[in-house]
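Geometric and topological summary
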2 protein chains.
Amino acid sequence: MVTIADVARHAGVAPSTVSYVLTGKRSISPQTRTKVRESIRLLGYHPHAGARALASSRANVVALVLPLRPGVHLPVLMRFVTAAVTTARRHDMDVLLVTADQGAQGLRRVAGSAQVDGFLVMDVELDDDRVPLLRQMAQPSVLIGRPAAVKGLTCVDLDFEAAGARCVDHLADLGHRYIGFLGAPSVVYQRNTGYAQRTMAGFGAAAMRRGIASTALPTEDDYESVLGSVRSLLRSQPGMTALVVHNEAALGWVAGSLRALGRRVPDDVAVVAICPDELAEQMQLTSVQLPAEELGRQAMELLVARLNGHPTAPLTLLPPKLSGRASTTPRLRRA
Amino acid sequence: MVTIADVARHAGVAPSTVSYVLTGKRSISPQTRTKVRESIRLLGYHPHAGARALASSRANVVALVLPLRPGVHLPVLMRFVTAAVTTARRHDMDVLLVTADQGAQGLRRVAGSAQVDGFLVMDVELDDDRVPLLRQMAQPSVLIGRPAAVKGLTCVDLDFEAAGARCVDHLADLGHRYIGFLGAPSVVYQRNTGYAQRTMAGFGAAAMRRGIASTALPTEDDYESVLGSVRSLLRSQPGMTALVVHNEAALGWVAGSLRALGRRVPDDVAVVAICPDELAEQMQLTSVQLPAEELGRQAMELLVARLNGHPTAPLTLLPPKLSGRASTTPRLRRA
DNA sequence: ATGAAAGCGCTAACAA
DNA sequence: TTGTTAGCGCTTTCAT
């Protein structure tokens, strides 16, 4: 194996000089730098990660804690992971994969052995049992999601409240006065992930603000349930001309249900989805996207910032972005 | 930070004794072992991974090299990853995530810095440019897939040839005499991944062997394309009573297409899918499964074996397993 | 701008 | 069965 001593000898300098050329932690004369770089290239030298970690107490590795359990939307997860890994690499860090099933136990082990300098934790719930642990660990962490109390943490999430509001604003601007909200399965609202509730809250508040009548209903993922919910919405609000859908699995049934009830999209009922962009694109639905790449990148950048001792806000909310498509079409203002 | 010296002092033994208790590399008296274990627990000691790696030249980390590019079937990938990670953990190893976009460059870096002891490389193509590199690296590797030459490597893959043949045999045993094959998008056959070709080859050879007429067509992932392909198959072989589908994304459209063409499953046309079991289960399709978990587990086990100096076969082919479901139903022998 | 040398925490000979 | 000790390869003070 080629060591730093070999390089130093070959370049006719001290090992420390080689180290400083590599880390850039002190100024080196251009000649020396070139000479050392050349020796490194010639000998094919790669610093030993373990030795480096030991001497500098910096592993240059971050843990990515992933759910990998049923129910997560994998395409989104993957885009997120890719963005996170790419960003980490841009900062010369590697990524250790820790699956959530390893639990708090796993976090403790990885942290204790100084294998990683920090944690990127996905899929954090309102009352996540890992949060107390993360607070007291030596290594900093960034959480994707929004636990109940964010004080002392660094959390990143989509601004779901704004997302709900954005849908209403878009529809209101188009002249709609009666808007329905088709939500996630009711079990999601029971499970305290929060994002579903926040979206609805944002939707409701925006509707109130704009003086718009709104009704909301949860729905399961099958056709019958969607049809039933849409029918209920129309019954309680016969003048409904727009629908906001926050349920990826139900999206496929919405148009069909509306048609079965005699309504066409977008002429009779406009539809806005809150879902990954690719899905909306495919179905030509106006949508508010879940910015997976942006989330992954941002989260990793925040983690790197914390690793470098920079302070970060406890909560970063990414603004929703609405993409207009065929399912909402400008219409004349109605009474 | 708690070090091995702290533990040794607390337990009244030498540091090496603590080390040996941890690694089990020499016999320790039960009393000492208990005493040391107790001190470890009490002090909350975790060995420093970097120090360990440096002293033992073993990182206890393996690299998982993943595609994460468009076109891979994510649910399968995830099950594979989960199985691989779980298996690694069972051997006290951690997993470093290396995305394929980091390329050969990334492999070299990770290998050179002794960050990992070995590589688990997914999605290996017939003429993969990483293969030469993997051959000459100090660390052993296990490849998922089947490069052109496996000599000197350790490769694991599903026996796709046998999978194609198994479908034919199942259908032939049920009395079918005209069988169609609905393949992956044509781009997959152009990209030299091999598995698609091998499945078709196995299918074709088995059909010949059993004296059965067969026709094969690629198909894209959308309804129109599937409908078109099925129509073509029926046109060129009007007596076709069975269909083998090797295209996960197309599966959802197959039954619909057949129905649109006046055929019902399984009464008029029996269907066998080559796809993950969960998908087949959900759609009640007879299927040959892609054993993602088994593949991930097996691959990691082989890697661990190699890390421990055990020899391994250059190519391990997992036998296909067919699960009979509603889409193929015993029928009388036809003319 | 560079060198010398003391560790970082652990493992694995070598001794006893 | 256990202890002693010399590194593993690197970073980082302290010196010059």
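Every chain begins its residue count from 1, and numbering advances along the sequence as written. Chain A is the first chain written and ligand 1 is the first ligand written, with later ones labelled in order. In keeping with the model being predicted, local features are shown solely for residues with a pLDDT of at least 70 and side-chain atom pairs are shown and tallied solely at 80 or more, while totals for entire chains, interfaces and linings include all residues. As a convention, hydrogens and water are excluded, and side-chain values are obtained from all of the structure's heavy atoms.

Some details on the protein's contact with DNA strand C
Here is the rule we go by: Each residue is tested against the molecule or strand, and it is near if at least one of its non-hydrogen atoms lies within 4 Å. A 3.5 Å cut-off defines polar contacts: any pair of N or O atoms within that distance qualifies, except that in protein one atom must be a possible hydrogen donor and the other a possible acceptor, and neighbouring residues in sequence count only when both atoms are side-chain atoms. Strands here mean DSSP runs of E at least two residues long; helices mean DSSP runs of H or I at least four residues long; both are numbered from the N terminus. Each residue gets one of three labels, nonpolar for Ala, Val, Leu, Ile, Met, Phe, Trp, Tyr, Cys and Pro, charged for Asp, Glu, Lys and Arg, and polar for the others, Gly among them.
The full set close to DNA strand C counts 28 residues, and Ser-27 and Thr-32 of chain A together with Ile-4, Tyr-45 and Arg-52 of chain B are the nearest of them. Within the side chain of Thr-32 of chain A, one N or O atom sits 2.3 Å away from a phosphate oxygen of DNA strand C. When residues of the surface near DNA strand C are traced back to their parent elements, those giving at least two are helix 2 (15-23) and helix 4 (49-56) of chain A together with helix 2 (15-23) and helix 4 (49-56) of chain B. A total of 4 residues in the surface near DNA strand C trace back to one element, the largest contributor, which is helix 4 of chain B. For the surface near DNA strand C, the residue count by class is 12 nonpolar, 12 polar and 4 charged.

Here we look at the pairing of strand 9 (residues 270-274) of chain B
All names here are of chain B. Our working rule: For the exposure calls, accessible area comes from a 1.4 Å probe over protein chains only, and a residue counts as buried if that area is under 20% of its type's maximum, exposed if over 50%, partly exposed in between. When DSSP finds at least two bridges between two strands, those strands are taken to pair. Throughout, right-handed denotes a crossover for which the path from the first strand over the helix to the second runs clockwise when the strands point away from the viewer.
Counting buried positions along strand 9 yields 5 of 5 residues, so the element is predominantly enclosed. In strand 9, alternate side chains face the same way, and those of Ala-270, Val-272 and Ile-274 on one face and Val-271 and Ala-273 on the other are all buried. Two strands pair when backbone bridges link them, and strand 8 (residues 242-245) and strand 9 are joined in this way by 4 bridges, in the parallel orientation. Looking across to strand 9, one finds that Ala-242 is bridged to Ala-270. With respect to chirality, the unit in which strand 8 leads through helix 12 (residues 251-260) into the neighbouring parallel strand 9 is right-handed. Relative to strand 10 (residues 286-288), strand 9 is paired through 3 bridges, and the arrangement is parallel. The residue bridging Val-272 from the neighbouring strand is Thr-286, located in strand 10. With helix 13 (residues 277-283) bridging strand 9 and the parallel strand 10, this β-α-β connection has right-handed handedness.

Observations concerning the relation of the copies chain A and chain B
Copy one and copy two of the chain differ by a rotation about an axis and a translation along that axis. Note the following rule: Here the copies are superposed with least squares, the fitted atoms being C-alpha atoms of residues at a pLDDT of at least 70 in both. Contact between two residues is taken to exist if any of their heavy atoms lie within 4.5 Å; hydrogens are not considered.
Each copy superposes on the other: chain A lies on chain B with an RMSD of 0.8 Å after a rotation of 179° and an axial shift of 0.3 Å. Taken together, the turn and the small shift mark the pair as related by a two-fold rotation axis. A symmetric contact is evident, with 100% of the interface residues of chain A recurring at the interface of chain B.

Considering the sheet that holds strand 6 (residues 178-182) of chain A
Consider a sheet: its strands pair through backbone hydrogen bonds, and that pairing is either parallel or antiparallel. Residues and elements named next belong to chain A. Spelled out, the test is: Here an axis means a line fitted to C-alpha atoms, over the contact stretch when the element is a helix, while the angle between two N-to-C directions is reported on a 0 to 180 degree scale.
The sheet built from 6 strands is open, its strands ordered 7-6-8-9-10-12 with mixed pairing. Each of the sheet's edge strands pairs with one partner strand only, and the pair in question is strand 7 (213-217) and strand 12 (322-323). Where helix 11 (residues 223-236) meets the sheet, its contacts fall on strand 6, strand 7 and strand 8 (242-245), and the angle it forms with strand 7 comes to roughly 155°. Relative to the sheet, helix 12 (residues 251-260) contacts strand 6, strand 8 and strand 9 (270-274), its axis offset from that of strand 8 by approximately 160°.

Some points on the protein's contact with DNA strand D
Within the structure, DNA strand D sits among 29 residues, and Ile-4, Tyr-20 and Tyr-45 of chain A together with Ser-27 and Thr-32 of chain B are positioned closest to it. In the interface set of DNA strand D, defined as its atoms within 4 Å of the protein, sugar plus phosphate atoms amount to 55%. In the model, a phosphate oxygen of DNA strand D is placed 2.7 Å from a nitrogen or oxygen of the Ser-29 of chain B main chain. A distance of 2.3 Å separates a phosphate oxygen of DNA strand D from a polar side-chain atom of Thr-32 of chain B. Counting only elements with at least two residues in the surface near DNA strand D, the list comes to helix 2 and helix 4 of chain A together with helix 2 and helix 4 of chain B.

Observations concerning the packing of helix 5 (residues 74-90) of chain B against helix 14 (residues 292-307) of chain B
Residue and element names in this part refer to chain B. Heads up, the rule is: A clockwise turn of the near helix away from the far one marks a right-handed crossing, whereas an anticlockwise turn of less than a right angle marks a left-handed crossing.
Interhelical geometry of helix 5 versus helix 14 gives an angle of 35° and a closest axis separation of 7 Å. Crossing hand, helix 5 versus helix 14: right-handed. Residues Val-76, Arg-79, Phe-80, Ala-83, Ala-84, Thr-87, Ala-88 and Arg-90 of helix 5 form the contact with helix 14, whose own contacting residues are Ala-292, Glu-293, Leu-295, Gly-296, Arg-297, Met-300 and Glu-301. In the contact of helix 5 with helix 14, the residues fall into 8 nonpolar, 2 polar and 5 charged.

Regarding a negative patch on the surface
Just so we agree on the cut-off: Surface patches are drawn from residues lacking salt bridges whose relative accessible area is over 30%; two like charges belong together within 9 Å, two nonpolar side chains (Val, Leu, Ile, Met, Phe, Trp, Tyr) within 5 Å. Computed with the Shrake-Rupley method and a 1.4 Å probe, the accessible areas treat only the protein chains shown as cover for residues. What counts as a salt bridge is simple: a side-chain nitrogen of Lys or Arg found within 4 Å of a carboxyl oxygen of Asp or Glu. Charged-residue counts in this description rest on Lys and Arg as positive and Asp and Glu as negative, His and the chain ends being excluded. Note on charges: their place is set at NZ of Lys, CZ of Arg, CG of Asp or CD of Glu.
Side chains of Glu-220, Asp-221, Asp-222 and Glu-224 of chain A sit close together on the surface and give a patch of like negative charge. As for its placement among the helices and strands, Glu-224 of chain A is situated in helix 11.

Overview of the pattern of salt bridges
With the rule as written, the count across this model stands at 30 salt bridges over all chains. Between Arg-109 of chain A and Asp-94 of chain B there is a salt bridge; the shortest N-O distance is 2.7 Å. Taken together, the residues Arg-109 of chain A in helix 6 (residues 103-112) and Asp-94 of chain B in strand 2 (residues 94-99) connect one chain to another. A residue is classified by how much of its surface remains accessible, and Asp-94 of chain B, at 4% relative accessible area, is buried. Salt-bridge contacts for Asp-157 of chain A lead to Arg-198 of chain A; the nearest nitrogen and oxygen are separated by 2.9 Å. With a gap of 41 residues between them, Asp-157 of chain A in strand 5 (residues 155-158) and Arg-198 of chain A in helix 10 (residues 195-209) connect regions that are remote in the sequence. By relative accessible area, Asp-157 of chain A is classed as buried at 8%. Using a relative accessible area of 11% as the deciding quantity, one classes Arg-198 of chain A as buried. Here the residues in one salt-bridge network are Arg-90, Glu-294, Arg-297 and Glu-301 of chain A, joined through shared partners.

Points about the UniProt feature "domain: HTH lacI-type" (unreviewed entry) in chain A
Operational definition: UniProt positions are given in the numbering used here, feature names are shortened, and annotations may be inferred rather than shown by experiment.
As annotated in UniProt, the feature "domain: HTH lacI-type" (unreviewed entry) corresponds to residues 2-56 of chain A in the numbering used here. Spanning residues 2-56 of chain A, this segment combines 71% helix with 0% strand, and its end C-alpha atoms are found 20 Å apart.

A few points about the sheet that holds strand 1 (residues 61-66) of chain B
Read across the sheet, 12 strands follow the order 11(A)-5(A)-4(A)-3(A)-1(A)-2(A)-2(B)-1(B)-3(B)-4(B)-5(B)-11(B) without closing on themselves; strand pairing throughout is mixed. A strand with exactly one partner marks an edge of an open sheet, and here the two such strands are strand 11 (315-318) of chain A together with strand 11 (315-318) of chain B. Across this sheet, the average inter-strand angle for adjacent strands is 25°, counted without regard to direction. Of the strand pairs in this sheet, strand 5 of chain A and strand 11 of chain A are connected by 4 bridges, and their pairing is parallel. By the bridge assignment for strand 11 of chain A, Leu-158 of chain A is matched with Leu-318 of chain A.

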